[in-house]
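Spelled out, the chains give:
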Amino acid sequence: MGLRRSWLRAQLVGLRSETRNARTLIFVVPGWPGHLAGQHLDVRLTAPDGYSAQRAYSIAAPAEGDRVSITVQSVGEGEVSPYLVEDMELGDELEVRGPIGGWFVWTPSPEAPVQQPILLVGGGSGVVPLMAMVRERARRGSRAPFRLVYSVRAADQVLYAEELAQRASEDRLQVELLYTRTAPEGSARPAGRITEADLATPSSADWNARVPPRAYVCGPTAFVEHVIGRLLSLGYTNRTIRAERFGPSGA
Ligand SMILES: Cc1cc2nc3c(=O)[nH]c(=O)nc-3n(C[C@H](O)[C@H](O)[C@H](O)COP(=O)(O)OP(=O)(O)OC[C@H]3O[C@@H](n4cnc5c(N)ncnc54)[C@H](O)[C@@H]3O)c2cc1C
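None of the values given here were measured: they were computed from a predicted structure.

Criteria and cut-off values
- Within any chain, residue numbers begin from 1 and follow the written order of that chain's sequence.
- Totals for whole chains, interfaces and linings use all residues, but because this is a predicted model, local features are given only for residues with pLDDT of at least 70 and pairs of side-chain atoms are given and counted only at 80 or more.
- Side-chain metrics rest on all non-hydrogen atoms present in the structure, leaving aside hydrogens and water.
- DSSP-based pairing: two strands are paired if at least 2 bridges between them are found.
- Counting from the N terminus, the helices are the DSSP runs of H or I reaching at least four residues and the strands are the DSSP runs of E reaching at least two.
- Throughout, an axis means a line fitted to C-alpha atoms (over the contacting stretch in the case of helices), and angles, computed between N-to-C directions, take values from 0 to 180 degrees.
- Residues count as neighbours in contact if any of their non-hydrogen atoms are within 4.5 Å of one another.
- Throughout, nonpolar core names a set of buried Ala, Val, Leu, Ile, Met, Phe, Trp, Tyr and Cys residues whose side chains join them through atoms within 4.5 Å.
- Partly exposed describes any residue whose relative accessible area lies between the buried limit of under 20% and the exposed limit of over 50%, with all areas from a 1.4 Å probe on protein chains only and scaled to the type maximum.
- We define a salt bridge as a side-chain nitrogen of Lys or Arg found within 4 Å of a carboxyl oxygen belonging to Asp or Glu.
- The near set for a molecule or strand comprises every residue that places at least one heavy atom within 4 Å of it.
- Nitrogen and oxygen atoms within 3.5 Å of one another constitute a polar contact, given that in protein one can donate a hydrogen and the other can accept it, and given that sequence-neighbouring residues count only through two side-chain atoms.
- Only the protein chains shown count as covering a residue, and every accessible area follows the Shrake-Rupley method with a 1.4 Å probe.
- The classification used treats Ala, Val, Leu, Ile, Met, Phe, Trp, Tyr, Cys and Pro as nonpolar, Asp, Glu, Lys and Arg as charged, and all other residues, Gly among them, as polar.

Caption draft 1: Structural view of the sheet that holds strand β7 (residues 118-123). With parallel pairing, five strands are arranged side by side in an open sheet as β9-β8-β7-β10-β11. Strands with a single pairing partner mark the edges of an open sheet, and in this sheet they are β9 (173-179) and β11 (241-245). Taking the axes of each pair of neighbouring strands and ignoring which way they run, one obtains an average angle of 10° across the sheet. For β7 and strand β10 (residues 214-219), the ladder comprises five bridges, and the chain directions are parallel. Along β10, the bridge assignment pairs Val121 with Val217. Along the sheet, helix α2 (residues 127-139) contacts β7, β8 (146-152), β9 and β10; its crossing angle with β7, the most-contacted strand, is approximately 145°.

Caption draft 2: The nonpolar core, seen in detail. Residues Leu120, Met133, Phe146, Tyr150, Tyr160 and Tyr216 are the most contacted members of the largest nonpolar core, which totals 27 residues. When residues of this core are traced back to their parent elements, those giving at least two are β7, α2, β8, β9 and β10. The dominant element in this core, judged by the number of residues it contributes, is α2, at seven residues. Beyond its immediate chain neighbours, meaning those up to four positions away, Tyr160 contacts Glu18, Thr24, Ala60, Thr71, Val127, Val128, Met131 and Arg135. In this structure, Ala10, Ala53, Val72 and Leu94 belong to the second largest nonpolar core, which totals 22 residues.

Caption draft 3: Local environment of the pattern of salt bridges. Across all of its chains, the model carries 13 salt bridges by this definition. Glu136 is paired through a salt bridge with Arg139; the nearest N and O atoms lie 3.0 Å apart. In this pair, Glu136 and Arg139 are both assigned in helix α2, three residues apart and thus about one turn of the helix distant. With relative accessibility at 7%, the residue Glu136 sits in the buried group. On the basis of relative accessible area, Arg139 is assigned to the exposed category, the value being 52%. Between Asp198 and Arg189 there is a salt bridge, with its nearest N and O atoms 2.8 Å apart. Take Asp198: its relative accessible area is 13%, and that puts it in the buried class. Salt bridges linked by common partners bring Arg135, Glu163 and Arg167 together as one network.

Caption draft 4: Inspection of the site of the ligand at higher detail. Surveying the vicinity of the ligand reveals 22 residues, the closest of which are Arg55, Ala56, Tyr57, Val80 and Ser81. Contact distances for the ligand include 2.7 Å between an oxygen atom and a side-chain N or O atom of Tyr57. At a separation of 2.9 Å, a nitrogen atom of the ligand approaches a polar backbone atom of Thr71. Here the ligand, which alone exposes 900 Å², has 75% of that area covered by the protein. Counting residues per element, the shell around the ligand draws most heavily on strand β4 (residues 52-58), at four residues. Among the residues making up the shell around the ligand, the classes are represented as nine nonpolar, eight polar and five charged.

Next comes the structure, spelled out in structure tokens:
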């Protein structure tokens, strides 16, 4: 974006538990300039002795005035994420800087006759910026075909489970949950790593129109590299893949 952003005070005004170790935090940030779906921000915590730590977090929902939400999954032994998930209380403040990132974004194309199909591939908390895109699509009434392939360890780790189920039935959003460690009983697909077959383009007409699909891939670095390899084999190119890497895979 080219702009040098400054740190802004952010006050916690809302909390929503997502899973046993993840929650959504909603901040009011006076002076927030707005953002696009897919962008992230930096969070800075400063201790009374002046020591400070900063980390990047994807923005979880479309811009709504000076409100900004993030969803954080606690990383055991982490410096910042356990504080955000377990300790921070309503009314507490921290600093944010953003929005950051101009490439990993999705915006609806205005009334194009053929909408570009969008494949979203998320691993773990990598679903967060993809959820911002899903919510933006609904908010703007976009008819772009959207398919979310979401890889998680087990069913109790699924972020936004209820909302995804609801949007799958109401918004023509295709959602596929892939379990890497434990698949729920009765699942057709055994637990395991994401494969080419999991990412193959649906045969429906809206996915095979004149505009080739674009893929957004987000998650731990090793996950993103693995998925990019599969997408290239399927005919995606560096121009039709956009990726965001969250850091260590935790493996
Ligand atoms: C652009 C971007 C967007 C991000 N968006 C989100 C988001 O929306 N939600 C979210 O929860 N996180 C997100 N992250 C990851 C986040 O920035 C932190 O890395 C994460 O919260 C861990 O920070 P920590 O201080 O708790 O752990 P640290 O103190 O930094 O690390 C503690 C231990 O955990 C390991 N570790 C660090 N990061 C990860 C990780 N991501 N996965 C597994 N193990 C890790 C380290 O190797 C170390 O062993 C994003 C990262 C980037 C770069």
